[in-house]
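# Fold and contact review
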Amino acid sequence: MTYSIADLEQLSGIHSHTIRIWEQRYNALSPLRSQGNTRVYDDQQLKKLLNIVSLNKSGLKISKICSLSDGEMDELLDRQFDYSSGNIQYDYYVAQLIKYGLAFDEYAFNQLIEEGIEQFGLSGCYRKIIYPLLLRLGLMWRKDDICPAHEHFLSNIIRQKIFTHINNLPVKRDSGQSWLLFLPEDEDHDIGLLFASYMLRVQHHHVIFLGSKVPLNSVERVFSTVNVDHVLLFMIKSQSVPVAQQYINQLSEICSTTKIHLAGNSELIGKLNHIHHINWIKTLDEFEKTIESPFYT
């Protein structure tokens, strides 16, 4: 697979101007040239850049990093990681997880994400590592610059981790208020919904998790069967405002006696009308405050 310098910027978090300077001054990368004589980069160049970024975030000078062989860089990465902390470690995780994901290296990806969960807990790992990782990759997925196989590979490992932690939580018959969690029929990225399920269960709430691609008539069936106090859904995909508005109107009719909580595509949600009755959740902190409060507004 080949990447433009704009793709490298999105995946590494380093401005393209800076990448060019690193190339010119330190021979950091060796781009190829397309038929149109523009810079293109292969997987090896991307992986090298991600390693450079990880070491640079730890405080090592770029001139020193670029003088290292690949083997010396890997060895130094291991040593630097042992002594790093805070945001430096988070950046290291994100850069290295992207590298392992692009290489379909399940062992290395799994091992590193397990280390992150062990060190920061699942909630901390999700906030500081998994969520930024998904945001960065999402930029590429929307441009179709990363193949669907990468998305499925990364997502399935992350989903497995969250499922494992959910499975380790006790299930109580009469715990907290009841929350119905689902994604609309055209939505299939459920990692955020899964993590919300974990957070709710940690707070001892009853969760009815339907997952992705749920038709509205199925939601209606749930309401006819059990009592639901809260509904949480994500609208992530870009779509026309009229279509999204119609969906929200229909959902509001079904959930007329239940509090609706909505998260996802802020650009789309911000254009919807008549949603004053819906709790628009913009951040994880807002959601955490909502579920920890004794009264839901």
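Starting afresh in each chain, residues are numbered from 1 along the sequence in its written order. Only residues with pLDDT of 70 or above have their local features reported here, since the model is predicted, and side-chain atom pairs are shown and tallied only from 80 upward, although totals for entire chains, interfaces and linings are computed over all residues. Derived side-chain values reflect all non-hydrogen atoms in the structure, with water molecules and hydrogen atoms excluded from consideration.

### Topic: the overall build of the protein
A run of H or I in DSSP becomes a helix once it reaches four residues, and a run of E becomes a strand once it reaches two; helices and strands are each numbered from the N terminus. A tally of helices and strands in the protein yields 13 helices and seven strands. Working definition: with a 1.4 Å probe on protein chains only, accessible area under 20% of the residue-type maximum means buried, over 50% means exposed, and in between means partly exposed. Within the protein, the fraction of its 297 residues that count as buried is 46%. Every residue pair with non-hydrogen atoms within 4.5 Å of one another is taken to be in contact. Sequence-distant contacts in the protein: of pairs separated by 6 or more residues, those separated by 24 or more amount to 68%.

### Details of the packing of helix α1 (residues 5-12) against helix α2 (residues 16-26)
It is at 9 Å that the axes of α1 and α2 come closest, and there the two elements cross at 105 degrees. Between α1 and α2, the crossing angle belongs to the class labelled roughly perpendicular. Side by side, α1 and α2 meet where I5, L8, E9 and S12 of the first sit next to S16, I19 and R20 of the second. Class assignment of the residues belonging to the contact of α1 with α2 gives a composition of three nonpolar, two polar and two charged. Only the stretch in contact is used when fitting a helix axis, every axis being a line fitted to C-alpha atoms; angles between N-to-C directions are given from 0 to 180 degrees. Our angle categories are set so that under 35 degrees counts as roughly parallel, over 145 as roughly antiparallel, 65 to 115 as roughly perpendicular, and the remainder as oblique. Gly counts as polar in this scheme, as do all residues outside two lists: the nonpolar Ala, Val, Leu, Ile, Met, Phe, Trp, Tyr, Cys and Pro, and the charged Asp, Glu, Lys and Arg.

### So, unusual backbone geometry
Even without being glycine, N27 reaches a positive phi, approximately 55 degrees. With respect to the helices and strands, N27 occurs in the loop between α2 and β1 (32-33). The backbone of H204 shows a phi angle near 70 degrees, a positive value even though the residue is not glycine. In this structure, H204 sits in the loop between α9 (191-202) and β4 (206-214). Judged by its relative accessible area of 43%, H204 is partly exposed.

### Structural notes on the pairing of strand β6 (residues 259-264)
One bridge is not enough; two strands pair if DSSP finds at least two bridges between them. Pairing between strand β5 (residues 230-235) and β6: six bridges, direction parallel. Across the sheet, F234 pairs through a bridge with A263, a residue of β6. We call a crossover right-handed when, viewed with both strands directed away from the observer, the connection leading from the first strand over the helix to the second proceeds clockwise. Of the crossover connections in this fold, the one passing from β5 over helix α11 (residues 241-254) to the parallel β6 is right-handed. Here β6 runs beside strand β7 (residues 278-280); their pairing, made up of three bridges, is parallel. The residue of β7 that forms the bridge with H261 is N279.

### Some points on the packing of aromatic side chains
Only the six-membered ring of Trp is used, alongside the rings of Phe and Tyr, when aromatic pairs are assigned; centres must lie within 6.5 Å, and planes under 30 degrees apart are stacked while those over 60 apart are edge-to-face, with the rest tilted. Summed over all chains, the structure comprises eight aromatic pairs. Ring pairing ties together the aromatic residues Y126, Y131, F195 and Y198, which thus form one cluster. Lying across the ring of W280, K282 places its NZ or CZ 4.1 Å from the centre. Only lysine NZ and arginine CZ atoms are considered, and such an atom sits over a ring when it is within 6 Å of the ring centre and within 35 degrees of the ring normal.

### Thoughts on the sheet that holds β5
Read from one edge of the open sheet, five strands run β4-β3-β5-β6-β7, paired in parallel fashion. Strands at the two margins of the open sheet, each flanked by one partner only, are β4 and β7. Between one strand axis and the next, the sheet turns by 20 degrees as a mean value, whatever way the strands run. Against the sheet, α11 makes contact with β3 (178-184), β5, β6 and β7, and its axis sits at roughly 170 degrees relative to β5, the strand it touches most.

### A closer look at α11
For a helix, the expected span equals 1.5 Å multiplied by the number of residues minus one. Helix length check: α11, at 14 residues, gives a terminal C-alpha distance of 20 Å against a target of 20 Å (1.5 Å per residue), a fit within 8%. All of the buried residues in α11 are A244, Q245, Y247, I248, L251 and S252. Down the axis of α11, the sector holding all buried residues measures 160 degrees, keeping them to one side. For α11, the exposed residues set more than 90 degrees away from the buried face come down to P242 and E253. Contacts from the buried residues of α11 go to β3, α10 (216-225), β5, β6, α12 (266-269) and β7. By arc we mean the arc of the directions from the helix axis to the C-beta atoms, nothing more.

By themselves, these are just geometric observations and shouldn't be taken as functional.
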